Amino acid sequence: MSSPRTSDVLVIGGGIIGLVTAWRAAQRGFATAVADPAPGGGAAQVAAGMLAAVTELHHGEQTLLGLNLASARRYPDFAAELTELTGHDLGYRRCGTLAVALDSDDRAHLRELHALQARSGLESEWLSGRECRRLEPLLAPGVRGGLRVDGDHQIDPRRLTAALLAACERAGVVFHRVRAERLSVAGGRAAGVVTRDGATLAAGQVVLAGGSLSGRLAGVPRDVLPPVRPVKGQVLRLTVTPRYAPFLSRTVRAVVRGSQVYLVPRENGELVVGATSEELGWDTTVTAGGVYELLRDAHELVPGITELPLTETRAGLRPGTPDNAPLLGPTQLPGLLLATGHYRNGVLLTPVTGDAMAHVLATGELPDEARPFTPRRFGAAALSEQPV
Ligand code: GLY
């Protein structure tokens, strides 16, 4: 019988990936619980929320592209369902993206991206500098050209998180506001967790969705621990005051001297500028250097940005994996599943992750589009197969 400390599905981690997994599991009829000292936190509180399957395409990531596109296609229905259920406006804005080049190196890089997009069957249009400025008049005169991608949109990840929390509550998900310290294993399968306050939470299936912390849960057999690492991103929030509105009508991004910079304008006047990419362990310090580089690069793209109030600086940790793709589904330890490692695409991949995890929890099998993302692709052998 289910009690507050016993569930069919226990999700470790209440960030957007944990929440969407819990929500979809509860909708399938599973008695579902989430263990997290502060549900609704995590990297989504920092992320800009670009839904950038096309502009963030990279060589060698064709398989990930398939999952990214599958999730992008689900976004309209996903957002409508969440809004209808919870009454929350998610800030889902189908505004498109403009990726621009400031010098000949940047332009060569963008041309290369354009060719890769075309080979991948994706829609993007090459524009001259003048055409870019016609779309976005505040762009710097030095912009040499750009790629217009009308299919890459944005959502406000903080609003998305709040809506997912509300949806979980409506679906009867139980929240244990405490840290899961150790995985319990009994009879060769995951059986729940022991929490920081010493309580045992028992579950038929445990989903580890702890973002960059997913590799640190005690009690997980070494060869099952997800290979995730934290990749720091510093992000700024500015406000477009009425005097400067409209500032930008779509997401504008570029690679400046090898670093990514993007400006994401919200309908409510918030302008998000991101992001650094730093391999510094669990450090989330906002540094003068990080803020300087982001503002310097953003200023090269849109000089007027320095007139705007800077309202927030923050750093978050992306859960990076060896192939930049997420880890979804069963591990070699029966009863333990992963939903982590979403790296740069956590917000984009939220809808497809929720669907895939609910499917695998119910059937034991990942749906076709999620199969390549099995944690088993890293070849971790089952603990029982290891020499002792
Ligand atoms: N996808 C944007 C970032 O990770 O900075």
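Structure's up top.
Residues numbered from 1 in each chain as written. Predicted model: local features only at pLDDT ≥ 70, side-chain atom pairs only at ≥ 80, totals over all residues. Heavy atoms only, no water.

Draft legend 1. A look at helix H2 (residues 62-86). The first and last C-alpha atoms of H2 sit 35 Å apart over 25 residues, in line with the 36 Å expected at 1.5 Å per residue. Along H2, the largest kink reaches about 45 degrees and is centred on Tyr-75; proline Pro-76 follows within four residues of it. Among all positions in H2, only Leu-64, Leu-65, Leu-67, Asn-68, Ala-70, Ser-71, Tyr-75, Phe-78, Ala-79, Leu-82 and Thr-86 are buried. Close packing links the buried residues of H2 with helix H1 (16-27), strand E3 (50-51), helix H5 (157-170), strand E17 (327-330) and helix H7 (350-363). At the exit of H2 stands Gly-87, carrying a positive phi of roughly 80 degrees. (Helix = DSSP H or I, 4+ residues; strand = E, 2+ residues; numbered from the N terminus. Expected span 1.5 Å × (residues − 1). Bend = angle between axes of the 7 residues up to and from the residue. Buried < 20%, exposed > 50% of the residue type's maximum accessible area, 1.4 Å probe, protein only. Contact = heavy atoms within 4.5 Å.)

Draft legend 2. How the structure looks around the packing of H1 against H2. Across the interface, H1 lies against H2 with an axial gap of 14 Å and an inter-helix angle of 75 degrees. By the angle between their axes, H1 is roughly perpendicular relative to H2. Along its contact with H1, which presents Val-20, Trp-23, Arg-24 and Gln-27, the element H2 presents Phe-78, Glu-81, Leu-82 and Leu-85. Considered class by class, the residues forming the contact of H1 with H2 number five nonpolar, one polar and two charged. (Axes fitted to C-alpha atoms, helices over the stretch in contact; angles between N-to-C directions. Parallel < 35°, antiparallel > 145°, perpendicular 65-115°, else oblique. Nonpolar A, V, L, I, M, F, W, Y, C, P; charged D, E, K, R; others polar.)

Draft legend 3. Examining the sheet that holds strand E13 (residues 251-256) more closely. What the eight strands build is an open sheet, ordered E5-E6-E4-E13-E14-E15-E12-E16; its pairing is mixed. The two strands at the open ends of the sheet, each matched to only one other strand, are strand E5 (125-128) and strand E16 (310-320). The sheet shows a mean angle of 20 degrees between the axes of neighbouring strands, taken without regard to direction. (Pairing = 2+ DSSP bridges.)

Draft legend 4. Summary view of the packing of aromatic side chains. All told, the structure shown has three aromatic pairs when counted by the stated rule. Through a chain of ring-to-ring contacts, the aromatic side chains of Trp-23, Tyr-75, Phe-78 and Tyr-92 assemble into a single cluster. Of note, Arg-111 hangs over the ring of Trp-126, and the distance from its end group to the ring centre comes to 3.8 Å. Note that Arg-216 overlies the ring of Trp-282, its terminal NZ or CZ placed 4.1 Å from the centroid. (Phe/Tyr/Trp six-rings, centres within 6.5 Å; stacked < 30°, edge-to-face > 60°. Lys NZ or Arg CZ within 6 Å of the ring centre and 35° of its normal.)

Draft legend 5. Quick look at the site of the ligand. Taken together, Met-50, Glu-56, Tyr-262, Ala-275, Arg-318 and Arg-344 make up all the residues around the ligand. Between the ligand and the protein, one listed contact pairs an oxygen atom with a side-chain N or O atom of Tyr-262 at 2.5 Å. Between the ligand and Arg-344 there is a distance of 2.9 Å, counted from a nitrogen atom to a backbone nitrogen or oxygen. In the complex, the protein chains occlude 88% of the 200 Å² of accessible area that the ligand would expose alone. Looking at the shell around the ligand residue by residue, the class counts come to three nonpolar, no polar and three charged. (Near = heavy atom within 4 Å. Polar contact = N/O pair within 3.5 Å; in protein donor to acceptor, adjacent residues only side chain to side chain. Areas by Shrake-Rupley, 256 points an atom, 1.4 Å probe, with all protein chains shown as cover.)

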